[in-house]
Every structure is written in C-alpha cells, then in structure tokens.
Amino acid sequence: MITWPNFVSQLFNGLATGALLALISSGLTIIYGTLGVLNLAHGAMFMLGGYAGYVAFQATGSFVVAVIAGALFLVVVGAALERVVIRRFYDRPPEDQILLTFGIGIVMVELVRFGFGSLSVSVPPPAWAAGVTPMGFLIYPTYRIVVLGIAAVALGTLYIVLYRTRLGLMVRAGIEDSGMVGMLGINVYRVFMMVFGIGAMAAGFAGIVNAPVVSLTPDIGDSILVQTFVVVVIGGVGSFPGAILGGLISGEILSLTSMVDPAYSQVMLFVVMTLVLLLRPQGLLGQRGRA
Amino acid sequence: MPRGRPLLLEVLTALGLVLVPFVLPYVGFAPGTVNQILVWGLFGIGFDILFGYTGLLSFGQSAFFGTGGFVAAYLLTNNLMTSVLLALVIGTLGAMLAGVLVGMIALRRTGIYFAMITVAIAETFFFVENSPLSALTGGENGLPGVPTPHFVLGGFSYQVQNGWSMYGFLAACYFIGMVVALRIMRSPVGAVLIAIRDNPLRARAVGHAVGAYKLAAFVIAAAYAGFAGGLLGVLQGFMPPDAFTFATSGQLVMQTAIGGMGTLYGPLLGAVVWLYLRDFLQEVVGLGSTWKLVLGLVFVLLVCFLRRGIIGGLQDLAARLTAKPHPPAPEESAPIAEVAPPLASLGPSPRHAHAQEPGAIVLEARGITKAYGGIVANRDINVSVTAGELRGVIGPNGAGKSTFFKMLTCEVPPTSGRILFEGRDITGYDVSRVCQLGLTKSYQVNQLFPRLTLRHNIMIAALAERRGRFRLDLLRRAERVPGLALQTEQTLALIGLTARADVPVAELAYGEKRRLEIGLALASSPRLLLLDEPLAGMSPRERRETVQLLKNIRRGRTLVVVEHDMDAVFELAERITVLHEGTVLAEGTPAEIQRSSLVQEAYLGGVAAE
C-alpha cells in the first residue's frame, strides 16, 4: 500500500542509503581517479570497517569510539596495502590490478570469517539515537536520521579536503594528469598512499555507521561492492560530484522501488545503469574520453 | 595462437582424458570431483578466449553459466523435452542470446568500466532469477530432478549413471569443446582476437572491425558458459541458484589465473588445484571453512609473482631450459634493396580491382577545421592529392600536422568540412572502414603488436585486407587464407626484414620497429599511404635506408609524408604543403617552396633573419 507517510519515509530511507552509498563510492572513485586502480576490495573494506567498529564497541561500549576505530583501522589498512602491495602494480596492466584487489578482498573476508565465524554480529545504535522520532505525520527511526547526518558531514569533510586543502589540490591534479604532478616535484607516492588510506577510510567509516542498520556478516561487502560500481557508472568514474549524485539516485531507486515490490529494487537499479550507459556512456557527471 | 604440430594437442587431450579414470583415483580424486573439474574446465575455455586471448576481463560469466543451466534444466524438469543433449544445446543458445545483449551494453566501454559493468549485469541476472522469475527457476531452491543423458543407438540403449559413467559423457563434451576452441584460436578470428588484446587501436587501424570481434569473443565465452552450466545441472541432478552468484564468476577468474590465462588448458588445471585443495584442506587437514583463506592467499601470491599462472610459469621455465636464442639484433638493420621485389599477382583482392588513373584526384580535404574547445588546431584546410604523387607536408611544431593526418584517416572527426577519398565522402567513417577502402597511415609513435612475432604482425594487417572488416571464419586455419602467405612474405621482403621474421617484436631494435611500423601499413595494400614522421628518431644510416624504402614503396601508390627532415622531404616529394598555425601557408614544388618568401618568413625565416 502506497500512502503519503510511507512514501515520505521511503524517500528518507533512500536519502540515508544514498548518502552512505555516495560516501563509499567517493572512496572508490578518488582511488581510481588518482591511482588508476579499480579497488575490488572496496566491499571487503566496508565490511572490515564494520567489524573493527564491532571489536571496539565490545571493548569500550562506546558507539563513538567504535566509529572512530572503524575509520582509523581502515586508514591504516589502506595505507599499508598501498605501501606494501598496490604500489608494485602501478606499472602492470589494469587487469592485474583488478585481480590483485579482488584477491585481497577475498583474503579479508576469509580472515574475518576465520576470526568471527559466519554468523552475523550486530552493533546497537547509541542510546541517544535509539527509538523513533515523530516527524509531523510520520514517525521515523532516529538512527536513520543520524546516519543521514553523519554521512552528510563525512561527505562535506571529504569535499573540504578535496577542494580546500593542499592535499586535495594534489589529488585533483593527480586525477587530471598524474605524470605531470610527478614532474612538478610533488612526491606522488606519498599522495597515493594517503589517497588509498582516505578511500579505504570512506568505505570503513560507512561500514561501521551502517552496522546498527544491517547486522554484520563477512559477506556483507559483496552486494555493497556491486552497488558501488553501479553508483560510479551512473555518476561517472573518477568524479567526486558524480559519486554523490549517483549515490543519491541509487539510494532513492532502491527504496522507492522496494515500496512497490522489493523483489525488483536491485533489478531497477541495473535498469537505470543500463539506460545511463546507453544514453550517456561516460556517466552523468563523467568526462568524455576518461576510462 | 596455439602452435606446434597439427592435431598434437588434440591427441594429447584425448589421451589424457582416457587415462584419467585409471590414474586419478589413486591420488585421492573422487569421480565426483573429477567431473566437477571438467565442468569448470569447459566453462573456463570460453572465459580464457575472452580474457586470456582477447584481453577482456569479465566478472560476469555467472550470468551465462546460470542462463544456460536454468534453460536446460527447466526444459528437462518440466518434461518439455526428453533429450538431454537437445536441452543442453538450447540452453547454450539461450546463453549466447544473453551474451549478445549483455555484450552490446558492456562492450560500449573498455578496461575497468567493462569489468564493473559485467559485475553489475551478472548481479541483475541473479536477482531476476531469484525473485521475478522464481516461479520458473525455483528461486532459492533451484531446480531439482535434472535427468542424466540417455542414448539410443540402433536398439542399443545406454543410460548415463553418476560416477565414471558420467565422466565418460563429460569428458566427451570437454574434448569437443577443446577441439573447437583450438580451431577457433588457429583461425583468422583467433589471430585477430590476440591482436586486439595486444593493441586494439592498431587492430582497428589496419582494418579490423574491433567492436564486432570483441562481441564475437564475448558470445563465444557465453556459449561455453551456457553449455557448462547445463552440464552442471546434469552432473548434480539439480540446478543450483548459486550458479548465478558473483562467487561463481570470481571462482572462474581465480581458477583461470591460477592455471594460466591464454593457454586454454589453464582453467582446467586451475580447477584441479582449486577443487583438490578444497577437498584436501577441508577433509585431510581439517581446516573447515578456512580453506578459502588459504586459496585466497595462494591466489594473491600468484598474481604478484607468477602472473601467467602455473602453465605460464612452466612454459617460461621450459623456454629458459631449452633456450634457443633468436638471431641477435644486427648492429645495423638489413639494407633495403635498391630495387623493390616485384609485386607478384596476389590473387583477387578488392583493393586492386580498380587502379588509380594517373592524374586523378585521390584525396581531397575540403575546408576541414578542427577545434578542441576554443583552440583551433586546423582552420579551413583545402588540400588535394593526385594519384601517384608523393606529397610532403611540413610545418613547425604545433602547426597542426598530426591533427590534419588524424582527420584524413578519420581517427578524429573534423569540426566542419568534408574529406573525400577517390571521390567518396569518407567524413565520419570508422578508421577500419577507411583502411578497407585503401587509405591508411603509419604512426609517429610505433603502434605494433608487441607480444607477437614480426611475421605475425604483418599477417594481422594482411588478414584485414584478405578477409575484410569482419568475418566469422572460425574453423578455417589462418594460414590457409588465400594469398595471405605470399602477401606477408612480400611485405617482409619490401621492408627488408625477412631474416628477422620470427623474432618477437619486443626484441627488435628501434630502427627495425620503425620499419615494421611502415610494414604494417603496407601490408594492408593501401592505394594511399600516409606516413607520420617515418624518419623520427633514426640514425643517419637508418634514415638513408628508410628514404630508399619510401622510394621503393611509392611505385603504384600515392604517398603523403609528414616529416621534419627537410633534406629527405625536398629529395622525395614532388609537391610540398606547408602548414603554419593550423592553416595552409603555401603549396608548390620543392623549388617553389624554397623560393617562397612567405615560407621563409614564417618557417625558415627565423634562421634567415639571424
């Protein structure tokens, strides 16, 4: 039954899902844009962020600590991976990079399965965000509003880092032409390591923020990875604004379709992606000639 | 292309498949495992053609595996047909149809985009199978009750049973699949696919319809996947829905990488390693579900250190042990004969059908302009070239020579203006079509097929002329294309590299590569050949050789040469066009150009004034 309150609440759901997807996809897209590497371990990093937060929550009982731990853990994992493995693959064909990150993703998933088992674990929402909030003619789970807020703040922070800082300038220049940036005397490798760390952090942060909404399993990242691809294809690979637009569109498609028939929500997402590919192959905000 | 004696691989494959039931049980393989290996191996043959040979990494093969499997299983379990073989064939056709549709979308993009799109589309198939179509496919339960094949032959009837009986059936299927794959890779299509992996840009420029060949490879891979999917249902007596999952595609990619991509046998070997390790680690070592962690680590290490997989690693090892050095690169490349070898009759070829009338206009640029955003690279250029002419195009750096050339071969479309070749308006044509009409160019920066031998390189270009833009002669041997061998040899002789024909391009000296670059353009028998700085980066001796080569190849052809080497241009060209700041500054005989005050002022002027 489609009613106004139902419609509005699904609209909000879509916004919250979309903002999270936008955040994860921004990570994927700045890694690709700067390093030229498609990170197939991105879904696993999302999952890893959730589990790192879960461990921190078990130890301290604090949700805020859990979120910080999830994000920081992935910065470290991302930067370390770039430094130790990914860096050796910049000169190899893109297919090798894809195989490598795919393999790393599997190792991450299986490590978590080894440590925590296949059964789901959950992180409860913080006490101040539990329950529901009355919003005029509908009541809405408070935590979802919090998710929306957190994701918006995170995206805003990412925007400031990318567009208002020296690092961001180097990253954006690297997206345009990484060879040139190197020639200008910037230590490209350090930038690359930071970018991979930040990109991984975006996934990990989203992973722990999402944990109170959907309980954690080692395989939770698989479907997220696929949705992230759809977001990036819709928005345009390598475009930060594209990731945000693509994320919000995808989130709304998922929620509004599931209001009509949940069975079709994923299918509809891919239908829209196909339409974008046919009508505007470079993505909504992507530039022609890239990738 | 798999090399070696004809039919050797086929015989070895048959022998191996016959011996398996007598050997493998003694090293701990259950027949069920062996049968699964065959299904995965067959699935992988198609994927290897797509990824290993054509260079297209798809993470969406599960879509076709599942489609073929569920179509066949649906037909059989609903008693719509009783012949298992017929159901398998229809399932395969269904997967191929899906392959055409998906390929047309996914192949719009290359590289990482292609990988991402295939992932997304395969997931769509999974969701469609799981929910909207669950009434037909059983949703999460799959389709139970798939029968085993039953053969009747002249009163004798045989029902395939599980175990080694099933092995016989699957082994026969695998053998046929492998024989067909070997034929495909030895066919002209196989040669073109490998060329596309090595350098899609050049494959297109020598006249192959790259997009159509990629789609062909995609559909071939879908066919193998669909057939293997059907066999999975037959083998298990049940069609599982997880055939459609991302994990299935991932397992296929990993098995192929472990066994060795670009070998056809790699996926089979990869499946042996994968399934054996799974059983071994789970049951013997007692790791339980941790076996996948071990395999994941093995896979990462392999990608890092043994890129070409187990078979590739063994090949490299064998090559090192039986190292037979190629003839070393000569200090100086072989000289070019003063007199070009005669061009013998090459048999009927569309390109020789009408010779150019001397004096007729071959190429005409009518007011072509190219603007990149606000920057105008070429403005209103009018140039016409007559048959048999050797035209030089000169101009200072940034004069717009390269853009001009790219527009002539239709690599970039002009913003305005028309291009006519032999009276036909070719503006907006695909590069491969322009080449098929008889107009091609050699590149300023070498565009070769680096992993192939010199002879193979020339053959790729000659194939385009012999067979046209696109042809699905999948079962013909490439060497049997009429006139191909002769044309290849003649081109090799013309560029003076016959002695080096079997050396991989990566091992050639720079001067030799430059000559091959011209040879690739020549091998497609163009009537009009554009040469973009053929002398760039050459030693004085190589320059003399190449100038001689140009003199040789101009017989019967019209040539347009962009070159910075003024001595060479003034020696070779009959007429010279001077480009300056994107427009034609002057045109005339070398003597006229040398006298032209305009040219001296704008181009040579800086030197004269000092």
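These remarks concern the structure in this document. Predicted model, so just to flag it, every value in this text is computed and none were measured. (Residues numbered from 1 in each chain as written. Chains lettered and ligands numbered in written order. Predicted model: local features only at pLDDT ≥ 70, side-chain atom pairs only at ≥ 80, totals over all residues. Heavy atoms only, no water.)

Quick look at the pattern of salt bridges
All names here are of chain B. Operational definition: Basic side-chain nitrogens of Lys or Arg form a salt bridge, by our definition, when they fall within 4 Å of a carboxyl oxygen of Asp or Glu. Only runs of H or I of at least four residues qualify as helices and only runs of E of at least two qualify as strands under DSSP, and these elements are numbered from the N terminus. The classification of residues rests on relative accessible area computed with a 1.4 Å probe and restricted to protein chains. Under 20% of the type maximum is buried, over 50% is exposed, and intermediate values are partly exposed.
Inspection of every chain in the model, using the stated rule, returns 30 salt bridges over all chains. Put simply, Asp198 and Arg451 hold a salt bridge, and the shortest N to O gap is 3.1 Å. With a gap of 253 residues between them, Asp198 in helix H8 (residues 188–198) and Arg451 in the loop between strand S10 (439–442) and helix H17 (454–467) connect regions that are remote in the sequence. The salt bridge partner of Arg575 is Glu587, with a shortest N-O separation of 3.7 Å. Here Glu587 lies in strand S14 (residues 583–588) and Arg575 lies in strand S13 (residues 575–580), a separation of twelve residues in the sequence. Relative accessible area serves as the criterion here: at 31%, Arg575 is assigned to the partly exposed category.

Some words on the sheet that holds strand S9 (residues 424–425) of chain B
Residue and element names in this part refer to chain B. How we decide: By the convention used here, strands pair only if DSSP detects at least 2 bridges between them.
Judged by pairing direction, the sheet is antiparallel, and its four strands sit side by side in the order S6-S5-S8-S9 without closing on themselves. In this open sheet, the two strands that pair with only one neighbour each are strand S6 (375–386) and S9. Looking at chain direction, strand S5 (residues 361–372) and strand S8 (residues 416–421) are connected through five bridges and run antiparallel. Paired with Thr369 across the bridge in S8 is Ser416.

Looking at the packing of aromatic side chains
Definition in use: Planes of paired rings set the category: under 30 degrees apart is stacked, over 60 is edge-to-face and the rest tilted, where pairs are Phe, Tyr or Trp rings (Trp by its six-membered ring) whose centres lie within 6.5 Å.
Considering all chains together, one arrives at 31 aromatic pairs over all chains under this definition. A ring pair is formed by Trp40(B) and Phe43(B), whose centres lie 5.7 Å apart and whose planes are at 35°; its orientation type is tilted. Taken together, the residues span about one helical turn, with Trp40(B) and Phe43(B) both in helix H2 (residues 31–53) at a distance of three residues. Accessibility assignment for this pair places Trp40(B) and Phe43(B) in one class, buried. When the ring of Phe114(B) is compared with that of Phe218(B), the centres are 6.0 Å apart and the planes differ by 75°; the resulting orientation is edge-to-face. Residue Phe114(B) is located in helix H5 (residues 111–130), and its partner Phe218(B) is located in helix H10 (residues 210–236); the two are separated by 104 residues in the primary sequence. Assessed through its relative accessible area of 1%, Phe218(B) is described here as buried. Through a chain of ring-to-ring contacts, three or more aromatic side chains come together here, namely Phe102(A), Phe59(B), Phe246(B) and Phe299(B).

Some remarks on unusual backbone geometry
Most peptide bonds take the trans configuration, and most residues that are not glycine carry a negative phi. Residues and elements named next belong to chain B. Although it is not a glycine, Leu264 sits at a positive phi angle of roughly 70°. Along the chain, Leu264 turns up in the loop between helix H11 (246–259) and helix H12 (266–284). At Cys410, a position not held by glycine, the phi torsion is positive, near 65°. As for its position among the elements, Cys410 is in the loop between helix H15 (401–408) and S8. By relative accessible area, which is 10% here, Cys410 ends up buried.

Things to note about the interface of chain A and chain B
Rules: Whether two residues are in contact is decided by their heavy atoms, any of which lying within 4.5 Å being enough. The buried area of a pairing is the accessible area, by a 1.4 Å probe, that goes missing from both parts when the two are put together, added over both.
Counting residues at the interface gives 44 residues for chain A and 38 residues for chain B. Counting the surface lost from both chain A and chain B, the interface buries some 3,700 Å², and carbon and sulfur atoms represent 80% of this. The tally of links from chain A across to chain B stands at two salt bridges. When the shortest N-O distance is used, the salt bridge between Lys292(B) and Glu110(A) registers 4.0 Å.

A short note on the pairing of strand S1 (residues 132–135) of chain A
Residues and elements named next belong to chain A. Here four bridges tie S1 to strand S2 (residues 138–141), and the two strands are oriented antiparallel to one another. In the sheet register, Pro134 faces S2, and the bridge partner there is Ile139. Counting the residues that bridge the hairpin from S1 to S2 gives two residues, and of these Gly136 lies at a positive phi of roughly 60°.

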